[in-house]
Amino acid sequence: MEIIQDTSGILVCAGNATRMQGKNKILLPLGHTNVIGMSMLAMEQCERIAEFVVVARPSDQDAIRQTIADLQLKKCSAIVSGGATRQESVINGIRAAAKETKLFAIHDGARPLVKPEQIAKVIRDASVFGGATLGVPVKDTIKVVNDGLIVDTPYRPHLYMTQTPQVFQKRIYFEALDFALEHQLDFTDDCQLAEAIGCKVCMTTGDYTNIKITTPEDILIAQMLLEKRTEESV
């Protein structure tokens, strides 16, 4: 059966990494490459992805180009600079995407352990529902706190931790962007953007290894998870 390549990946990694003690998290070594290299490899190996665009700080772009060359990646169509906010960075990315693309798969470049099959699974769900995101059920009991006091305990089976990629049909994403720009809204999560226009986003269950590199200990955890994955594949 012929695989349809109808999706543009948008890898967002233009943040300042303020919680990494000055370290550039996307260029930290991981496996045989680095953090952004692992994220790009997952996009490269997903059959539904026709291309991917990397959104990064200008100071990181030469290193990213070198990573692309080292890994011999073919699907990176552009590297563009980020904006003042995450939403602006995503906009810069989708502006560089191919005009014929049908869906956008927006992924945090600092989530290097996402699997190609997970990306494909979210794309399939977004093709049906209009939007979909990877996520996992929360493990802990969550409390709502106001002024230091617990005011509510949400029903845990209804709670999920949202991951990326978050995938949307192009028409829906553009409609949501128009709404946000018209009303001067700025979202840090693309699902919120789609929800603002009434889109029901599908929660595609992923796994707990799809962690985000945010603090220094996260890179150690990612390395251990990657080593375990490698051992299991032998």
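Nothing here was measured: the structure is a model prediction, and the numbers come from that model. (Residues numbered from 1 in each chain as written. Predicted model: local features only at pLDDT ≥ 70, side-chain atom pairs only at ≥ 80, totals over all residues. Heavy atoms only, no water.)

Caption draft 1: Local environment of the packing of helix α1 (residues 35–45) against helix α2 (residues 61–71). The contact between α1 and α2 brings their axes to 10 Å, and the two run at 55°. Between α1 and α2, the crossing angle belongs to the class labelled oblique. The hand of the α1/α2 crossing is right-handed. Contacts between α1 and α2 involve Ile36, Gly37, Met40 and Leu41 on the former and, on the latter, Ile64, Thr67, Ile68 and Leu71. For the contact of α1 with α2, the residue count by class is six nonpolar, two polar and no charged. (Axes fitted to C-alpha atoms, helices over the stretch in contact; angles between N-to-C directions. Helix = DSSP H or I, 4+ residues; strand = E, 2+ residues; numbered from the N terminus. Parallel < 35°, antiparallel > 145°, perpendicular 65-115°, else oblique. Left-handed = near helix turned anticlockwise from the far one by under 90°. Contact = heavy atoms within 4.5 Å. Nonpolar A, V, L, I, M, F, W, Y, C, P; charged D, E, K, R; others polar.)

Caption draft 2: Just the environment of serine 81, in detail. Tracing the backbone through its elements, the reader meets serine 81 in strand β5 (residues 76–81). Looking at serine 81, the relative accessible area reads 32%, which means it is partly exposed. Between the C-alpha atom of serine 81 and that of glutamine 45, which follows or precedes it by 36 residues, the distance is 24 Å. With residues near it in sequence (within four places) discarded, serine 81 still touches Val55, Ala56, Pro58, Gln61 and Asn92. In terms of polar contacts, serine 81 uses its side chain to reach the side chain of glutamine 61, at 3.1 Å. (Buried < 20%, exposed > 50% of the residue type's maximum accessible area, 1.4 Å probe, protein only. Polar contact = N/O pair within 3.5 Å; in protein donor to acceptor, adjacent residues only side chain to side chain.)

Caption draft 3: Structural context of the packing of aromatic side chains. Tallied over the entire structure, the rule returns three aromatic pairs. Look at phenylalanine 104 and phenylalanine 174: their rings are 5.8 Å apart centre to centre, the planes differ by 55°, and that puts the pair in the tilted class. Residue phenylalanine 104 is located in strand β6 (residues 103–108), and its partner phenylalanine 174 is located in helix α5 (residues 170–182); the two are separated by 70 residues in the primary sequence. Under the relative-accessibility criterion, phenylalanine 104 is labelled buried at 1%. Aromatic pair phenylalanine 168 and tyrosine 173: ring centres 5.6 Å apart, planes at 40°, arrangement tilted. With respect to class, phenylalanine 168 is no different from tyrosine 173; both count as buried. Ring-pair connections join several aromatic residues into one group, and the members of that group are Phe104, Phe168, Tyr173 and Phe174. (Phe/Tyr/Trp six-rings, centres within 6.5 Å; stacked < 30°, edge-to-face > 60°.)

Caption draft 4: Region of interest: the nonpolar core. In terms of nonpolar packing, the biggest core is built from 41 residues, with Leu30, Met40, Val54, Ile64 and Ile119 touching the most fellow members. Secondary-structure elements contributing two or more residues to this core are β1 (7–13), α1, β4 (49–56), α2, β6, α4 (116–129), β7 (131–137) and α7 (216–233). For this core, the element with the highest residue contribution is α1, accounting for seven residues. Discounting residues that sit within four places of it in the chain, isoleucine 119 has contacts with Ala42, Met43, Cys46, Ile49, Val114 and Pro165. In this structure, Val53, Val90, Ala194 and Cys199 belong to the second largest nonpolar core, which totals 24 residues. (Core = buried A, V, L, I, M, F, W, Y, C linked by side-chain atoms within 4.5 Å.)

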